[in-house]
Each structure stands twice: as C-alpha cells, then as structure tokens.
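# Summary of the model geometry
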Amino acid sequence: PHVIRREDYRAPDWWVPEIALDFDLDPAATRVRAALSVTRNGDHARPLVLDGDGLTPLSVKVDGVEAQGWSLNGGNLVVPLGGGAHVVETEVEIAPERNTQLEGLYASGGILCTQCEAEGFRRITFFPDRPDVLSRYKVRMTADKARFPVLLANGDPIAQGEGEGGRHWAEWHDPFPKPCYLFALVAGDLVANTGSFRTMSGRDVQLGIWVRQPDLAKTDHALAALKLSMAWDEKVYGREYDLDVFNIVAVDDFNFGAMENKGLNVFNSRYILADPDTATDYDYDAIATVVAHEYFHNWSGNRITCRDWFQLSLKEGFTVFRDQSFSADQGSAAVKRIEDVRGLRASQFPEDAGPLAHPVRPDEYIEISNFYTATIYNKGAEVIRMMHTILGPTKFREATDLYFERFDGTAATCEDFVACMEEAGGVDLEQFRRWYTQAGTPRVSADLAMDNGKARLTLRQSVPATPGQSVKEPMVLPLKLKLFGAETGRAMGDEQLVLLKEDTSELVFENLTEQPVLSINRGFSAPVVVETNRTAADLAFLSAHDDDPFARYEAMQQLMLDTLVASVASGGTDHGAVIEAVRNTLTDPALDRAFIAEAVVLPSDSFIGDQMAVVDPDAIFRAREALRRDLGTALGDQWRAAYEGSIANRFEYSPAAKGARRIRSVALGYIAASGAQDAPQLAFDQFTGADNMTDRQGALSTLANGQSPLREQALSAFYDRYRSNGLVLDKWFQTQALSSRDDTGEVVRALAAHPAFTLANPNRARSLIGAFSVNQRAFHHASGEGYRFVADQLIALDKLNPQTAAKLLPPLGRWKRFDARRGAAMRAELERIVATPGLSKDSFEQASKSLD
Ligand code: B3K
Ligand code: ZN
C-alpha cells in the first residue's frame with residue numbers, strides 16, 4: 001500500500017473557488033451533478049486530477065461541452081485542460097443504502113446523511129479531496145417529500161419548493177469557503193428542538209437540534225450545552241458565530257463521536273440524546289463536551305483549517321484543549337482534570353508506548369483515518385495546555401487572537417500556530433517544538449535529598465525509543481512544583497514553574513526548617529511519567545495535605561499503585577497505608593464528594609499493567625481484588641455512611657448531585673467487594689428503585705460483577721425495559737463485557753450471537769468488542785480465546801466498515817507487553833488478519849505495524 005509522507009506536501013495544481021452541487025436523492029440511486037469552477041495554480045501544464053472512490057462518471061463536461069480525452073486513474077478522474085480557468089461538470093450515481101462504511105453519503109435509520117472527514121467526499125463526487133482546496137458551496141437537493149420532508153445542508157437556506165411526483169427541493173448556500181471534508185447534507189423525517197442565540201454583536205442565530213420525533217424530548221440538554229458553548233467562546237476566546245443558522249442532526253450509525261461540518265454538525269445520537277431515565281451523568285457530561293467541541297471547531301478547524309492531514313492536531317489538539325477548558329468551567333475544574341488525565345493514561349500513554357506510537361504531527365501514514373488517535377487529540381491538547389502554562393492566560397489569549405486574525409480563511413499548519421505563540425507570547429519555543437516531532441511519553445525522575453538544612457532536587461528526563469525514532473533529544477517539560485513541611489503540613493514557599501530542558505538539572509532549596517515533601521507535576525502540568533523517591537508516608541501525607549487537588553489525587557493513586565505493584569511482585573498484602581489514606585480522604589468534611597469518589601477509586605487493571613515489565617493479568621486482578629476487599633472490609637462503616645449519606649429524593653443534574661451519585665456507586669462497589677451478605681440486595685434495591693440511569697447502571701455493574709442470582713434478574717429486567725432503545729442496549733452489552741467475573745469471555749462470545757447484536761452499527765460493535773478488549777483479565781485469558789474471538793469479529797467487521805474495525809485493533813497489537821505464550825497467540829491473530837484476502841488498508845496498516 002501507498003505511504004503518504006509529510007515532506008512530500010505540494011500545493012494543489014488547481015484551485016476550485018466555486019462548486020455547485022445538485023443531488024437527486026434516493027437511497028438506492030442518488031444522482032450527483034457537480035459543477036466546479038477551477039483555476040490553474042501557477043505556471044504548469046498538469047491536468048486536473050479529481051479524486052474519486054468507487055465512482056463512475058456518467059458525463060464529463062468542460063465549459064458546457066462534452067469533454068474529450070478524460071481518463072480514470074485508480075478511481076481518480078483526469079481531465080486535461082488548456083486554459084487557466086474552466087468550468088468542469090460531472091455526473092455520477094451512488095447508492096447510499098448500500099454504503100456500510102458510513103463514509104460519504106449513507107443511510108441511517110431512514111435518514112440520508114454524510115460523513116466526509118477525512119476522505120469521504122470523493123465517495124460522493126469527483127473533487128480534489130484535500131483540506132487546502134477551499135470552495136464556496138451551493139447545494140440543491142431534490143427528494144421524495146413524504147420520506148424526506150426535511151432537507152439540510154451547510155450555510156444558510158436560500159429557497160425551497162415543490163417538484164413533480166411528490167418530490168420537493170431545497171437550496172442552501174454557504175458563504176464561507178471551506179474544504180470538502182466539511183461538506184454535509186441531511187435528508188429525513190426529522191423534527192427540531194429550536195432555540196436562538198444572540199451573538200456579541202447582536203445578531204440572532206437560529207439553532208436547531210434535529211432528531212426523529214420520538215427522540216425530541218431528549219434534546220434539551222444538548223441545546224442548552226450549545227448555547228453555553230456559544231457564549232463561552234465569545235467570552236474566553238472572543239469568537240463569534242458567523243452564520244444565521246446552526247443545525248445539529250443526530251443519527252444512530254456513526255463511525256466517530258460527531259462531525260463539525262460548517263453550520264450543520266452531524267452527531268452520533270449517543271452524544272445528543274439524554275434524559276434521566278436513559279442517560280448517565282457520564283453521558284450528560286460527554287454530550288456537553290462533544291457539543292462544545294464541534295461548535296468550537298467553527299473557528300479552530302473551519303474558519304482556519306488544516307493545510308494537510310499531517311496537521312490534524314492543529315485543529316483537534318487545540319479544540320480538545322478548548323472543550324476541556326469549557327467543561328472545567330461548568331463544574332469542578334479539579335475533577336475534570338482528574339478525568340482527563342485518567343483518560344490520557346488509559347488511551348494515549350499505551351499508544352505512545354506501543355507499535356502504533358506516532359508524533360503529534362505524524363511524518364507518514366497509509367490511511368489517515370487511523371490517525372484520529374489519542375495522540376493527535378489528547379496529547380495534542382496537552383501540548384497546547386503546556387503553551388498556555390508557559391505563556392500564562394493573558395499572553396496565550398493574545399497569541400490565539402493573533403492566530404485567528406492572521407490565518408482566518410486559510411489552511412494552516414501546526415508551525416503557524418506555534419509561531420503565533422512565540423510572537424505574541426514573547427517566548428522562544430524552538431526546543432518546545434519537539435513535542436510535535438518526537439513520539440513517546442517522557443519520563444522524569446525527581447529525587448529530593450536533604451543535606452545540612454538544604455534540599456537538593458535532582459531532575460532527570462528521558463524519552464523512550466519509539467518505532468522509527470531510536471534516538472531522542474531532551475524535551476521542554478513545564479513542571480509545577482512545591483514543597484511542604486512534613487511536620488507542620490505548611491507550604492514551604494510558593495508553587496514554582498520549572499522548565500526542565502536539559503537531561504539533568506538540579507534545584508537547591510535553602511533555609512529549610514523542617515523535612516520537606518515534594519509535590520511535583522501539579523495539575524499534571526506536563527504529560528509525562530514522574531518517578532520520585534517519595535515514601536509511602538510522603539504520599540499519604542500529600543494525599544491529606546497538598547493544596548493542589550490534582551496533586552492530592554495523584555499522591556493517593558501513586559500510593560495505591562506502589563502498593564499494588566509490590567503485591568503483584570511479591571504476593572504481599574500490606575494494605576495498611578492505603579486503607580488509612582482512603583479513610584482520611586473519605587471522612588474529610590472539607591472535600592467535595594465528586595473529588596472523594598475519584599480519589600478513592602483504585603487504578604485500573606491495565607494501568608497497573610502499564611507499570612510492569614511483563615503484564616500478568618491474573619496476578620494483577622488478584623492483587624487489585626484483594627486490596628478492594630480489604631478496603632471494603634476495613635472501612636465498612638465509612639462506605640455505608642457515604643452510601644446512606646448520598647441518597648437523593650429525586651434526580652437533579654448539578655455538580656453536587658452528580659458527586660453524590662458518583663460516591664454512592666463507588667461506595668456500593670466497595671460494600672460488594674467486602675463480601676457483605678446484603679450487598680446484592682442493596683444493589684438490587686438500588687437498581688429497581690432508581691429514578692435515573694446513573695444509579696441504575698451503577699447497581700447493574702455491581703451485580704454483573706458478582707455471583708448472586710439477582711444478577712440474572714437485573715440483567716433481564718434491564719433488557720426487557722430497554723429492548724427498543726439502542727443506546728441503552730449498548731450499555732447492557734458493555735456492562736457484561738466489562739464484568740470481572742471468570743466467565744466473561746464465554747458470556748461475551750454468546751452475546752455476539754444475541755439477536756440484538758450487530759456489527760453494522762458502530763456503537764453496538766464497540767459496546768461489545770471494544771469494551772471486551774479493554775477488560776484486561778478477560779481479553780488476555782490464558783486460553784487465547786479472547787484474542788481469537790476479537791480477531792474473528794474484526795475480520796468480519798472489516799468487510800463492512802474498515803474504519804471502525806481498524807480502530808478496535810490496537811489492543812491485539814500490545815503483544816510485546818505480555819508473556820511469550822500470550823504474545824505468540826496475539827501475533828498469530830494479527831498474522832491471520834494481515835493474511836485475510838480483501839483486507840482494507842485501514843486494518844492492514846494497524847495490524848502490520850503492530851507485528852513489527
Ligand atoms: N473532526 C471529526 C473527526 C471525524 C473523522 C473520522 N474519521 C470529529 C471531531 O474531532 O470533532
Ligand atoms: Zn474535533
């Protein structure tokens with residue numbers, strides 16, 4: 001397969017300033033007529049090459065005349081042109097209902113919709129499908145009025161009317177030049193929850209969240225989040241919305257979370273639909289985050305787009321940083337930071353340590369869809385956050401103002417963004433740019449030593465080798481740190497921001513009156529792994545006294561991790577320090593419950609595994625369960641008190657109420673872990689009595705992990721109640737796939753044959769296959785059956801939907817982290833995938849790179 005390299009970038013041979021599209025919509029056969037006004041870029045004699053994927057031209061015209069001499073080259077249309085400017089018209093026919101890849105124009109539950117990022121537009125019409133070709137779009141759609149009463153596209157509605165034979169039409173114009181990956185249209189039997197927003201300059205924008213009629217009652221939360229996002233972007237970044245309408249459509253079949261098409265976002269319905277009965281607090285939060293993310297793309301992505309796909313993090317890293325800051329402002333910033341770091345460690349750190357590691361700005365790819373990764377998104381966001389930390393909020397804002405002003409209406413690069421940071425921030429980011437070029441998670445060791453009333457802090461950094469990058473240069477690491485007195489608990493001086501730039505560096509603290517304890521990487525100021533010489537007592541101390549909530553959480557996690565890693569290694573069960581630290585946190589009246597709940601949860605099986613040279617899934621599981629049991633037993637009264645103290649009379653969606661539900665489900669988990677006789681009944685009563693999905697699913701998970709007969713009862717009651725709600729059925733599959741029971745592998749294999757299971761819907765595929773493959777103990781069952789099952793499913797899914805199949809492949813690629821037997825079994829499955837006839841380039845790239 002063909003490798004695309006960043007260094008090969010060349011400006012396009014032809015521009016397309018205008019395009020008019022005419023769709024005659026029909027699920028079985030849609031006619032697409034495109035008229036492109038093209039202009040030659042520079043002095044060259046190369047023909048116009050229009051990307052096409054699976055298209056057959058029915059007609060090709062140049063300047064109104066049937067064209068001569070065009071040809072097809074690997075699906076692309078090559079049209080020789082004589083002059084500097086022409087109008088090129090093409091006509092093709094496509095079949096949306098047969099499009100199982102969900103890329104291009106496709107059908108989802110009777111709705112016709114599009115997904116074009118990254119390279120889906122070429123499945124709709126012939127076009128230079130690259131993000132640096134910006135065009136003004138005019139779109140006309142004709143469709144059967146009864147089946148598709150609503151016709152939407154980008155920009156503003158211009159006209160609509162009736163046609164022949166029960167058909168009708170609509171025309172939309174988008175005044176903002178955009179790359180074709182931002183094109184969208186939707187046709188369907190939809191209704192809208194509408195609202196309006198007055199912008200900072202006093203314009204009224206009509207907002208619409210479009211869904212099928214039965215879902216209308218579940219759209220208020222998304223609409224409210226949209227309004228909050230619009231106001232937030234004005235206040236925090238000075239960014240105003242620029243069209244008269246902003247529409248969002250929810251569809252059930254979607255490869256990703258959502259898509260920021262100009263003025264017409266298309267969403268996976270799981271990130272729109274919510275009511276207390278069907279959505280958890282986690283879902284509510286995710287909806288607000290994704291709505292904000294897609295909205296923020298209007299500036300960071302649409303007004304300023306990417307020059308080429310290697311610059312993807314320019315829009316994604318920055319936009320994730322923006323949505324994280326937005327969500328932090330809606331509730332507890334500390335809890336939000338904890339959640340984001342937990343997510344980074346769960347998905348990005350393993351990626352950076354494995355065969356698919358790549359820089360935030362990659363150098364090459366086979367299939368760009370494989371690069372919508374945690375590295376591009378989440379590490380990319382951390383890189384922006386570090387620049388925010390280095391510049392400070394005021395200069396950072398000046399720098400983003402400069403960036404938006406200078407590059408508005410263009411396709412820019414990561415380098416353009418960093419240059420604005422340097423210019424407006426008055427800082428030199430030369431060495432900092434390594435964050436864009438070097439893959440791998442940096443490691444920092446921090447050793448604090450006392451001598452003669454002085455403390456000497458030695459910092460050392462290293463970046464591990466990653467595929468294609470064996471030698472690494474030192475990075476710029478912004479480390480926030482502070483010392484605390486071990487006896488008094490008092491801060492010894494202010495927090496400092498240290499920029500570690502060398503391999504090694506030393507800091508000396510003088511005139512210390514007591515033994516200091518080091519608090520470092522506060523707020524997770526750098527996305528690195530920190531190793532310190534702090535003792536269990538130091539960590540317990542910080543978990544009770546640090547004044548940075550993230551550092552406090554981190555100290556507790558490190559204490560738990562050290563304890564667990566030691567017991568995996570030696571089988572030891574010295575749990576006293578963790579129990580006392582958890583007791584302190586749990587009973588500290590000054591802490592909010594959402595924070596407490598995060599702090600007392602043990603690190604996951606896989607995060608414990610990430611600390612070990614060779615992952616032993618069974619030993620990790622045993623060690624973690626033993627600690628959970630001891631915590632549950634030793635603090636039985638405290639868990640009961642936390643549980644009883646957080647019962648609500650009725651559902652409310654507020655930070656305080658969310659915190660109460662969170663601690664309640666964590667407490668229930670520990671009560672069950674203690675082996676208390678009444679735990680299953682307690683969970684079952686919560687399950688049946690709950691007035692919201694958070695409590696119901698929390699109870700169901702607890703039961704699903706256990707052996708009680710109430711487990712079956714709850715699972716089948718849940719299924720019966722929600723059998724017609726796809727998003728909730730996903731939870732039913734997922735809960736079972738994540739179960740800690742011994743028989744999870746068999747249960748999951750049986751569920752794959754359940755009538756409600758299908759690979760055709762990406763959410764459903766992810767709810768079973770995706771969830772199972774992150775259940776470390778179940779997936780890595782010594783029999784190797786977990787690997788075989790996942791590989792079978794991925795081979796089947798690849799035939800339908802390569803993008804979603806390839807996304808689910810990385811867990812199979814982590815074979816180097818496991819013992820020889822498991823490793824060989826995993827490799828055998830990867831080899832089987834690579835050898836599959838007709839395998840997509842998506843899955844080929846992921847599987848073959850994972851074998852190296
Ligand atoms: N920009 C889209 C990405 C969809 C691409 C899937 N291959 C979603 C987002 O990041 O907002
Ligand atoms: Zn995005």
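Being a predicted model, the structure only gives us computed values, none of them experimental.

When you go through the protein residue by residue, the secondary structure sums to 27 helices and 31 strands. C-alpha atoms of the protein, sized along the principal axes, occupy 85 × 60 × 60 Å. Counting the 852 residues in the protein, one finds 52% classified as buried. When contacts within the protein are restricted to residue pairs at least 6 apart in sequence, those whose partners lie at least 24 apart make up 69%.

On to the domain arrangement of the protein. Along its sequence, the protein is organised into domain 1 (4-189), domain 2 (305-437), domain 3 (450-532) and domain 4 (723-852). Relative placement of domain 1 and domain 3: their C-alpha centres are 54 Å apart.

Attention now goes to the confidence of the model for the protein. Looking at the protein, pLDDT values average 98 and 100% of them are 70 or higher. This complex was scored by the predictor with a pTM of 0.99 and an ipTM of 0.99.

A few words now on the UniProt feature "domain: Peptidase M1 membrane alanine aminopeptidase" (unreviewed entry) in the protein. Using the residue numbers shown here, the UniProt feature "domain: Peptidase M1 membrane alanine aminopeptidase" (unreviewed entry) corresponds to residues 226-435. In the segment residues 226-435, helix accounts for 54% and strand for 10%; the C-alpha atoms at its two ends are 32 Å apart.

As a further point, take the UniProt feature "domain: Peptidase M1 alanyl aminopeptidase Ig-like fold" (unreviewed entry) in the protein. The feature "domain: Peptidase M1 alanyl aminopeptidase Ig-like fold" (unreviewed entry), as annotated in UniProt, sits at residues 440-532 in this numbering. Span residues 440-532 is 0% helix and 51% strand, its end C-alpha atoms 20 Å apart.

Attention now moves to the environment of Met450. By secondary structure assignment, the location of Met450 is in strand S25 (residues 443-451). In the structure, Met450 is positioned 22 residues away from Asp428 in sequence and 34 Å away in space, judged by C-alpha atoms. Leaving out residues up to four positions away in the same chain, Met450 has contacts with Ala455 and Gln515.

Attention now goes to the nonpolar core. Residues Met141, Val186, Val249, Val266, Ile272 and Ile287 are the most contacted members of the largest nonpolar core, which totals 236 residues. If we ignore the near neighbours within four places in the chain, the residues touching Ile287 are His221, Ala222, Ala225, Tyr271, Ile272 and Ala274.

As a further point, take the pairing of S25. Pairing analysis gives nine bridges linking S25 to strand S26 (residues 454-462), with the strands arranged antiparallel. If you follow Met450 over to S26, its bridge partner there is Ala455. Taking the residues between adjacent antiparallel strands as the criterion, S25 and S26 are bridged by two residues, where Asn452 takes a positive phi near 60°. As judged from the four bridges shared by S25 and strand S31 (residues 529-532), these two strands associate in the parallel manner. The residue of S31 that forms the bridge with Val444 is Val530.

Attention shifts here to the pairing of S26. Within a regular beta strand, the side chains point alternately toward one face of the sheet and then the other, so they alternate between its two faces. The pairing of S26 with strand S29 (residues 504-509) spans six bridges and is classified as antiparallel. Residue pairing across strands places Leu459 opposite Ser505, the latter belonging to S29.

The environment of ligand 1 is formed by 13 residues, the closest being Glu117, Phe256, Met259, Ser369 and Tyr372. Put simply, the parts of the chain that give the shell around ligand 1 at least two residues each are strand S20 (258-259) and helix H2 (281-296). Counted by class, the shell around ligand 1 contains five nonpolar, four polar and four charged residues.

For the rest of this paragraph, the subject is the sheet that holds S31. Strand-to-strand pairing in sheets goes through backbone hydrogen bonds, with the strands running parallel or antiparallel. Spatial strand order, S29-S26-S25-S31: four strands in an open sheet with mixed pairing. What marks the edges here is a single partner per strand, and that holds for S29 and S31. Averaged over neighbouring strand pairs, the angle between their axes works out to 20° when direction is ignored.

Moving on: the packing of helix H22 (residues 762-773) against helix H24 (residues 785-800). H24 packs onto H22 with a crossing angle of 145° between their chain directions and a minimal axis gap of 11 Å. For the pair H22 and H24, the crossing hand works out as left-handed. In contact with Ala765, Ile769, Phe772 and Ser773 of H22, H24 contributes Val790, Gln793 and Leu797. A per-class count over the contact of H22 with H24 returns five nonpolar, two polar and no charged.

Cis rather than trans, the peptide bond between Glu117 and Ala118 has omega equal to 0°. Mapped onto the elements, Ala118 comes out in the loop between strand S11 (111-115) and strand S12 (135-144). For Asn511, which is not a glycine, the phi torsion comes out positive at approximately 55°. With respect to the helices and strands, the residue Asn511 is situated in the loop between S29 and strand S30 (516-520). Not every positive phi belongs to a glycine, and Phe524 is a case in point at roughly 55°. Within the secondary structure, Phe524 sits in the loop between S30 and S31. Classification of Phe524 by C-beta neighbours within 10 Å gives buried; the count is 22.

The terminal C-alpha atoms of helix H26 (residues 820-834) lie 21 Å apart, and with 15 residues this matches the ideal 21 Å at 1.5 Å per residue to within 8%. By the burial criterion, the buried members of H26 are Arg822, Ala825, Met826, Glu829, Leu830 and Ile833. Each buried residue of H26 lies within a common arc of 140° when the element is viewed along its axis, so the set occupies one face. Residues of H26 that are exposed and point over 90 degrees away from its buried face: Ala820, Arg821 and Ala824. On its buried face, H26 is in contact with H24 and helix H27 (841-851).

Quick look at the sheet that holds strand S28 (residues 496-500) now. Sheet architecture is open: three strands sit in the order S28-S27-S30, paired in antiparallel fashion. Strands with a single pairing partner mark the edges of an open sheet, and in this sheet they are S28 and S30. Direction aside, neighbouring strands of the sheet carry axes that sit 35° apart on average.

As a further point, take the packing of helix H9 (residues 536-545) against helix H11 (residues 576-586). Axis separation between H9 and H11 bottoms out at 9 Å; the angle between their running directions is 10°. In terms of orientation, H9 lies roughly parallel with respect to H11. Contacts between H9 and H11 involve Ala536, Ala540, Ser543 and Ala544 from the former and Ala577, Glu580, Ala581, Asn584 and Thr585 from the latter. Of the residues contributing to the contact of H9 with H11, the split by class is five nonpolar, three polar and one charged.

Turning our eyes to something else, we now look at the environment of Val383. Turning to its location among the elements, Val383 is positioned in helix H5 (residues 374-391). Take Val383: there are 24 C-beta atoms within 10 Å of it, and that puts it in the buried class. When the C-alpha positions of Val383 and Trp299 are compared, they lie 19 Å apart, and in sequence the two are 84 residues distant. Setting aside residues up to four positions removed in sequence, Val383 forms contacts with Gly317, Val360 and Trp435.

Turning next to the environment of Val728. Residue placement: Val728 occurs in helix H20 (residues 726-737). Along the backbone, Val728 and Phe718 are 10 residues apart, and their C-alpha atoms lie at a distance of 9.0 Å. Setting aside chain neighbours within four positions, we find Val728 in contact with Thr278 and Tyr722.

Definitions and limits used
Position labels on residues start from 1 in each chain and follow its written sequence. For this description, chains carry letters from A and ligands carry numbers from 1, given in the order in which they are written. Predicted model: local features are reported for residues with pLDDT of at least 70 only, side-chain atom pairs are reported and counted for 80 or more only, and whole-chain, interface and lining totals are derived from all residues. Runs of E in the DSSP output that reach at least two residues are strands. Runs of H or I that reach at least four are helices, and both are numbered from the N terminus. Once C-beta atoms are placed from the backbone, each residue is buried if 20 or more other C-beta atoms lie within 10 Å of its own, exposed if 12 or fewer, and partly exposed for counts between those two. Whether two residues are in contact depends on their C-beta atoms, placed from the backbone: they are in contact if these lie within 7 Å. Segmentation into domains, and thus their bounds, comes from an automatic or database assignment. For every residue, the predictor assigns a confidence score, pLDDT, that lies between 0 and 100. UniProt positions are given in the numbering used here, feature names are shortened, and annotations may be inferred rather than shown by experiment. The nonpolar core is taken to be a set of buried Ala, Val, Leu, Ile, Met, Phe, Trp, Tyr and Cys residues joined by way of C-beta atoms within 7 Å. When DSSP locates at least two bridges between a pair of strands, those strands are taken to pair. Using a C-beta atom placed from the backbone, a residue is described as near a molecule or strand when that atom lies within 6 Å of it. Gly falls in the polar group here, along with every residue not listed as nonpolar (Ala, Val, Leu, Ile, Met, Phe, Trp, Tyr, Cys, Pro) or charged (Asp, Glu, Lys, Arg). An axis is simply a line fitted to the C-alpha atoms; with a helix, the fit covers only the stretch in contact. Between two such axes, the angle follows the N-to-C directions and lies from 0 to 180 degrees. Note on convention: near helix rotated counterclockwise from far helix by under a right angle means a left-handed crossing. Clockwise means right-handed. In a helix, the anticipated span is given by 1.5 Å times the number of residues less one. As used here, the arc belongs to the directions running from the helix axis to the C-beta atoms. Each angle is binned into one of four classes, with values under 35 degrees roughly parallel, values over 145 roughly antiparallel, values of 65 to 115 roughly perpendicular, and all other values oblique.

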